[in-house]
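# Architecture at a glance
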Amino acid sequence: QQPVQSPQAVILREGEDAVINCSSSKALYSVHWYRQKHGEAPVFLMILLKGGEQKGHDKISASFNEKKQQSSLYLTASQLSYSGTYFCGTELDSGGYQKVTFGTGTKLQVIP
Amino acid sequence: NAGVMQNPRHLVRRRGQEARLRCSPMKGHSHVYWYRQLPEEGLKFMVYLQKENIIDESGMPKERFSAEFPKEGPSILRIQQVVRGDSAAYFCASSSTSVVTDTQYFGPGTRLTVL
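Residues numbered from 1 in each chain as written. Chains lettered and ligands numbered in written order. Predicted model: local features only at pLDDT ≥ 70, side-chain atom pairs only at ≥ 80, totals over all residues. Heavy atoms only, no water.

Below, the discussion takes up the pattern of salt bridges. All names here are of chain B. Counting across every chain of the model gives four salt bridges over all chains. Arg78 serves as the salt-bridge partner of Glu18, at 2.9 Å between the closest nitrogen and oxygen. Pair noted here: Glu18 is in the loop between β2 (10–13) and β3 (19–24) and Arg78 is in strand β8 (residues 75–79), with a separation of 60 residues, a long-range link. Note on Glu18: relative accessible area 29%, which makes it partly exposed. Arg64 serves as the salt-bridge partner of Asp86, at 2.7 Å between the closest nitrogen and oxygen. Of this pair, Asp86 sits in the loop between β8 and β9 (88–95) while Arg64 sits in the loop between β6 (53–56) and β7 (65–68), placing them 22 residues apart in sequence. The exposure class assigned to Asp86 is buried, which follows from its relative accessible area of 2%. Using a relative accessible area of 24% as the deciding quantity, one classes Arg64 as partly exposed. Several salt bridges converge on common partners, so that one network encompasses Glu18, Arg20 and Arg78. (Salt bridge = Lys/Arg side-chain N within 4 Å of Asp/Glu carboxyl O. Helix = DSSP H or I, 4+ residues; strand = E, 2+ residues; numbered from the N terminus. Buried < 20%, exposed > 50% of the residue type's maximum accessible area, 1.4 Å probe, protein only.)

Another aspect to go through is the sheet that holds β3(B). All names here are of chain B. One open sheet accounts for four strands, arranged β1-β3-β8-β7; its pairing is antiparallel. Of all the strands in the sheet, the pair left with one neighbour each is β1 (5–7) and β7. Ignoring strand direction, the axes of neighbouring strands in this sheet form an average angle of 15°. Here β1 pairs with β3 via three bridges, running antiparallel. By the bridge assignment, Met5 is partnered in β3 with Ser24. (Pairing = 2+ DSSP bridges. Axes fitted to C-alpha atoms, helices over the stretch in contact; angles between N-to-C directions.)

Cis geometry marks the peptide bond from A:Ser6 to A:Pro7, where omega comes out at -10°. Mapped onto the elements of the fold, A:Pro7 is located in the loop between β1 (4–6) and β2 (9–13). Residue B:Pro8 is bonded to the preceding B:Asn7 through a cis peptide linkage, with omega at 0°. Following the sequence through the fold, B:Pro8 ends up in the loop between β1 and β2. Residue A:Gln69 is not a glycine yet carries a positive backbone phi of 55°. Note on placement: A:Gln69 falls in the loop between β7 (60–65) and β8 (70–75). The phi dihedral of B:Glu52 falls on the positive side, at around 65°, and the residue is not glycine. Mapped onto the elements of the fold, B:Glu52 is located in the loop between β5 (43–50) and β6.

Attention now moves to the interface of chain A and chain B. Reports often express the size of an interface as the amount of accessible area lost when the parts come together. Taken together, the contact between chain A and chain B spans 25 residues of the former and 26 residues of the latter. When the two sides are added together, the surface that chain A and chain B hide from each other amounts to roughly 2,000 Å², 55% of it contributed by carbon and sulfur. Of all residues in chain A, A:Tyr97, A:Gln98 and A:Phe102 bury the most surface against chain B, accounting for 32% of the area lost on that side. Here chain A and chain B share one salt bridge between them. When the shortest N-O distance is used, the salt bridge between B:Asp56 and A:Lys99 registers 3.0 Å. Taken together, chain A and chain B are joined by five residue pairs in polar contact (both at pLDDT 80 or more). Secondary-structure elements contributing two or more residues to the side of chain A that touches chain B are β4 (30–36), β5 (43–49) and β9 (84–91) of chain A. In the side of chain A that touches chain B, the residues fall into eleven nonpolar, nine polar and five charged. (Contact = heavy atoms within 4.5 Å. Buried area = accessible area lost by both parts, 1.4 Å probe. Polar contact = N/O pair within 3.5 Å; in protein donor to acceptor, adjacent residues only side chain to side chain. Nonpolar A, V, L, I, M, F, W, Y, C, P; charged D, E, K, R; others polar.)

The structure is reproduced here in structure tokens:
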């Protein structure tokens, strides 16, 4: 089942912070975050696993709340290069193989 | 170290023609995933292949669509008798293993336009 992302779109000024949420109606095993710029391939940001810790690099971090079946992506002190569409992808179990179901995306625009 | 390669980048077909999309995974990767992305929408899983095997094709339309990943050469997504609704961006991704902790690396996509 497709995860739900919110907000659908957000406009930030450089230096502002943003939070993007990803929710599922089913218990999750992992959450994948990607960023896609217009006309380009999605670029991997991070994977969060059930029972794992909050992850991050540079000014982008994420958390995974297993009880709420929700993940949040935090962008702090946003830069122009952060503009793009952010997708979360979810997996329901660890068995077998990867099968990621992606949300509809959150469009982020950072303006000067 | 070359990333995932897809060709062609843009493909125009008339209704009823065949479309062949190619994907060369990253070096050392033997797992390939195909996704379809309609304008302003997310990525929809189509099929997961390992070398010479289709593991999961639950996202593939039952008719006109097929995929393969031969022992030698790229993975091919084939769409027969294309219709306007097939117009979309088709992305492939590859990974070195199938475990959930592994990363899928995406190619630049093939944008199919059906006239």
